[in-house]
Structures are given as structure tokens and as C-alpha cells.
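# Examining the three-dimensional arrangement
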Amino acid sequence: QNAIYRAGVLGRAPDVPTDADELERRAHRAMSRKAWAYVAGGAGGGATMRHNRAAFERWRIVPRMLHGATARDLTTTVAGTPLRAPLLLAPVGAGALVTPGSDVRIAEGAAAAGVPYIFSSQGCDPMERTAAGMGDTPFWYQLYWSTDERLVDSMIGRAEDCGARALVVTLDTTLLGWRPQDLNLGSLPFARGLGIAQYTSDPRFMEIVRERMTAPAGKPQVTLGALRTLWSMARNHPGGTVANLRSREPRAAVETFLDIYSNPGLSWRHVETLRRRTKLPILLKGILHPDDARTAVAAGVDGIIVSNHGGRQVDHTVAALDALVAVRDAVGPDATVLFDSGIRSGADVFVALALGADACLLGRPHIYGLAIAGADGVRQVAENVVAELDLTMALTGVPDVAAITRAQLREHTR
Ligand code: FNR
């Protein structure tokens, strides 16, 4: 915080804006049309995204004075991972649409800020390479549950081997949501061969593909060559267009990929098998209903992440912040509850923590930082959020993260 302020006092403007609106405007200018549609877009008419932000407007902080504290302690531990501040960078798939080598760049920025990054199953760099970018800063791995259990085990094993400290299973994207901005441009991430690096770098995945090559007639026949084409497109032509996919083979490859990568039949029965498949702490991402939260805790998971995927999955979804309040009430004070969808500032993190979150995930803003200034942009965005949280704690009389409670908030009702 001091460094950021000192720069301001000395009249130096940062290259990455310090507020969410200007950050978004600058990122918009820095991004291609398709990248912007994909990152900034949401499900349907965007009501969920609007609800996510509107929910913050109802909560108001009531600062206390003359507390005499000169320093704050932002550290905390979540699901066994020590955090410098209650902030992690949310998983983002197909980030190479924004910048080549997106996952490694985000990892480098996260590490420079000392903030963990959750690697996506839909990442554009193999997790082993991204892990190297994290240095000593902890990271987690986010899993999309495949239709092939061997691939699930393989991904978990690789995440363990490369040093992930927790496993996040995303529940809300067993199918991709209705995303008009992408659909209207004919531009869904996989169609460009993006977001498949965790798969094409997985030996099991290649085996599974080989099996499907001998699948009964009527199924799309896929050659390894077709998948390699996709893979090299992802590596060499980030942001390449569907025009590259006009030939028949890559199309079949995309269909097979869609068949394998995510399981629309995902159920509690699958989740129950996880405990014996990994020693890593398990968190479930995408919980919104208090009953699902209770079931998750009863199933013995180590944490839940209240999220509506940044409003990208179902239009007219309940605001994530409203769901947070209901979920925390349902699971009690001891369960580990993280939050995302709508966090844009340090003050937002403060409000979410006061309403029961143990830590928050930052989604789009860190991608905007990436778009504007690469790894250093990611670092600046993360540091700005942490700095504003620190300042908010200082100016409201809160010495540490545990002391951020509902007592500091008033609900504003008209
Ligand atoms: C996401 N999100 C996401 N979540 C996940 O579990 N796996 C993924 O691969 C992705 N991919 C992804 C791509 C992009 C471009 C965005 C914007 C988001 C959802 C993400 O982790 C997080 O839940 C939301 O972004 C949080 O909302 P805000 O902060 O963007 O409002």
C-alpha cells in the first residue's frame, strides 16, 4: 500500500488503473473484439452479472474511530494454504485469447504479488509449466470432471505431482452457459483450439482418444493428427479464428474433446469418491443453494466456493453475495467458505469477508490486468486490491482478517 501511495504522491501514474471501471475501459481498448466478448460477456441478457454488482450496493461499512492501531495483519490460512491476504486469483480458461502464454503470465503476476492462482482445467499452458511460474507461492488446481474417470485421476495425480495445495472442483459448468456475445461472433473458446492444453499434455487423454478412434461406427472418428493440429493451433496461433477449422478433421476433434472434457451427469456420487482419490484438500466451486452447501459439508469436503461463475452460466441467477449470506447461515461459522463473482476492489473483499467469506477469488479484473500489461498488470491488479483492503481495514478500525465481521456493516433498505 505504501509503495502505491508514494508513487501517487510523487505524481507517477500507474500503467494499470487503480479502479475497476477505468481498468475495464482500458482493458476493452487493449483486447480484440472476440477476447472482450469472451471475458467481459456473461450468460443471456447479463442479469446475473448486474445482480452480482447490485448486491454490493446494499451493504454499507460503518467505520470506527480512534482505535489507535498502526498496522494490520492480513494473513490467514484457508484449506491449509497460508495466504498473505484473503485473496486468490480465480481460474480462467482459454486466457490465450487475451495474451499468448496467459497461464504462465498470470502465474508470474500472482507470484510477484504473493497471491495464489487457481489453475484452470481449461488452461492454455500445461499445469506443470504454469506451476514453474509460481515459484514458492502456493497454487491450487481447478478440475472439470471428465466423462472418463481415468482422466479425472490423471489430472488429480498431475496436480499433486506439480505441487498444487488444493483441488477445486467446479460444479456449475458441466455444460457451457448460453453466452450470446460469443455465440454471435461464432467464437467459443474450444472452437479456436484454446483451453485444451491440460488435455493434450495428458498421456491418459491421448489413450482415451485412441480408444475412441476404434469406437463403434456412427461415432465421430478422430485421428491423433487432428488433435495435434488443434494442439499446435493452441500453441502457435493463440486467438486464431474458426477459419483454421474449416477442414473436416479438427471439427471431429473438437466434437470428441467436447465429449470427454466435462460430465453433464456429475452428481454427489462422483464427489463422494474424491476423498479416497486424493490427499489434497477438496473445495467445491459454484455452490449457491444453502442445502447444497449443507450437503457439501456433510460429505466432508474441506471448503466450498460460493460463486455463480461471474454470471457466465445461468441468466437471472441469485446474486453471489446474497447466496453467500444464506450459505454462511446454513453451514455455521466453522466451515470454510470462499466467495467470488462481482469482486472488483479491496472494499468489496471487506464486505464479502464481513458477510462470512474466509477469502475471495478475483476473476475478470486480473485478466484485464493481463490484457493491459501482461504479468506485471496481473501483479498490479492483485496488489491494488490487497492495498485497498488494507487501507479499508485501517480506516475502519479492524486489526486483522478475523475481526472483519457483520458488526461493521449495515444493510441499506429503502
Ligand atoms: C472464468 N471462470 C472459470 N471458472 C472455472 O472454474 N474454470 C474456468 O476455466 C473458468 N474460466 C473462466 C474464464 C473467464 C474468461 C472468466 C471471466 C471466468 C469463472 C471464474 O473462475 C470466477 O468464478 C468468476 O470470474 C468470478 O467472477 P468475476 O470476478 O469475474 O465477477
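Residues numbered from 1 in each chain as written. Predicted model: local features only at pLDDT ≥ 70, side-chain atom pairs only at ≥ 80, totals over all residues.

Each helix and strand in the protein chain was counted, giving 17 helices and twelve strands. Counting every position in the protein chain, which comprises 414 residues, the buried fraction comes to 50%. Within the protein chain, counting contacts between residues at least 6 apart in sequence, those at least 24 apart form 73% of the total. (Helix = DSSP H or I, 4+ residues; strand = E, 2+ residues; numbered from the N terminus. Buried ≥ 20, exposed ≤ 12 C-beta atoms within 10 Å, placed from the backbone. Contact = placed C-beta atoms within 7 Å.)

Tracing the chain through its elements places Asp161 in helix α7 (residues 149-161). Asp161 sits 33 residues away from Glu128 along the chain, and the two C-alpha atoms are 8.7 Å apart.

What follows covers the site of the ligand. Surrounding the ligand, one finds 25 residues, the nearest of these being Ala90, Gly93, Ser120, Gly310 and Gly363. Contributions of two or more residues to the shell around the ligand are made by α3 (33-40), β11 (359-362) and α17 (364-396). Classifying every residue of the shell around the ligand by side-chain character gives nine nonpolar, twelve polar and four charged. (Near = placed C-beta within 6 Å. Nonpolar A, V, L, I, M, F, W, Y, C, P; charged D, E, K, R; others polar.)

Turning next to the domain arrangement of the protein chain. Here the protein chain is partitioned into domain 1 (2-184 + 263-411) and domain 2 (203-261). Each partner contributes to the interface: domain 1 provides twelve residues, whereas domain 2 provides nine residues. In terms of residue class, the side of domain 1 that touches domain 2 is made up of six nonpolar, four polar and two charged. (Domains from an automatic or database assignment.)

All of the buried residues along helix α4 (residues 47-57) are Thr48, Met49, His51, Asn52 and Ala55. The arc that holds every buried residue of α4, seen down its axis, measures 165°, which confines them to one face. As for α4, its buried residues are in contact with α15 (320-331). (Arc of directions from axis to C-beta.)

As a further point, take unusual backbone geometry. Most of the time, phi is negative for any residue but glycine, and the peptide bond is trans. One non-glycine residue, Ala94, lies in positive phi territory at about 55°. Positionally, Ala94 belongs in the loop between β4 (87-89) and α5 (102-113).

So, on to α17. Between its terminal C-alpha atoms α17 stretches only 27 Å, short of the 48 Å expected from 33 residues at 1.5 Å a residue. Within α17, the axis deviates most sharply at Ala373, by approximately 140°. Two residues or fewer past α17, Gly397 is found with a positive phi of approximately 80°. (Expected span 1.5 Å × (residues − 1). Bend = angle between axes of the 7 residues up to and from the residue.)

Another point: the pairing of strand β7 (residues 167-170). Look at any regular strand and the pattern is simple: side chains alternate between the two faces of the sheet. Side chains Leu167 and Val169 project from β7 onto one buried face, and the interleaved Val168 and Thr170 project onto a second face that is buried too. Taken together, the three bridges between strand β6 (residues 139-143) and β7 define a ladder with parallel strand orientation. Looking at the pairing, Leu143 lines up with Val169 of β7. After leaving β6, the chain enters α7 and then returns to the sheet as β7, a path that is right-handed. As judged from the four bridges shared by β7 and strand β8 (residues 282-287), these two strands associate in the parallel manner. (Pairing = 2+ DSSP bridges. Right-handed = clockwise from strand over helix to strand, strands pointing away.)

As a further point, take the nonpolar core. Counting 117 residues, the largest nonpolar core has Leu87, Ala110, Leu167, Val306, Ala352, Cys360 and Ala382 as the members making the most contacts within it. The element contributing the most residues to this core is α17, with 14 residues. Both domain 1 (2-184 + 263-411) and domain 2 (203-261) contribute no fewer than three residues apiece to this core. Aside from chain neighbours lying at most four places away, what touches Ala110 is Leu89, Val115, Pro116, Tyr117, Met134, Thr137, Val378 and Ala382. (Core = buried A, V, L, I, M, F, W, Y, C linked by C-beta atoms within 7 Å.)

Any two packed helices are characterised by the angle at which their axes cross and by the distance between the axes. Viewed as axis vectors pointing N to C, helix α16 (residues 346-354) and α17 meet at an angle of 60°, and their least axial separation amounts to 7 Å. Here α16 lies oblique to α17, going by the angle between them. Handedness of the crossing formed by α16 with α17: right-handed. Between α16 and α17, the residues in contact are Gly346, Ala347, Val349 and Phe350 and Val385, Val386, Ala387, Glu388, Leu389, Leu391, Thr392 and Met393, respectively. (Axes fitted to C-alpha atoms, helices over the stretch in contact; angles between N-to-C directions. Parallel < 35°, antiparallel > 145°, perpendicular 65-115°, else oblique. Left-handed = near helix turned anticlockwise from the far one by under 90°.)

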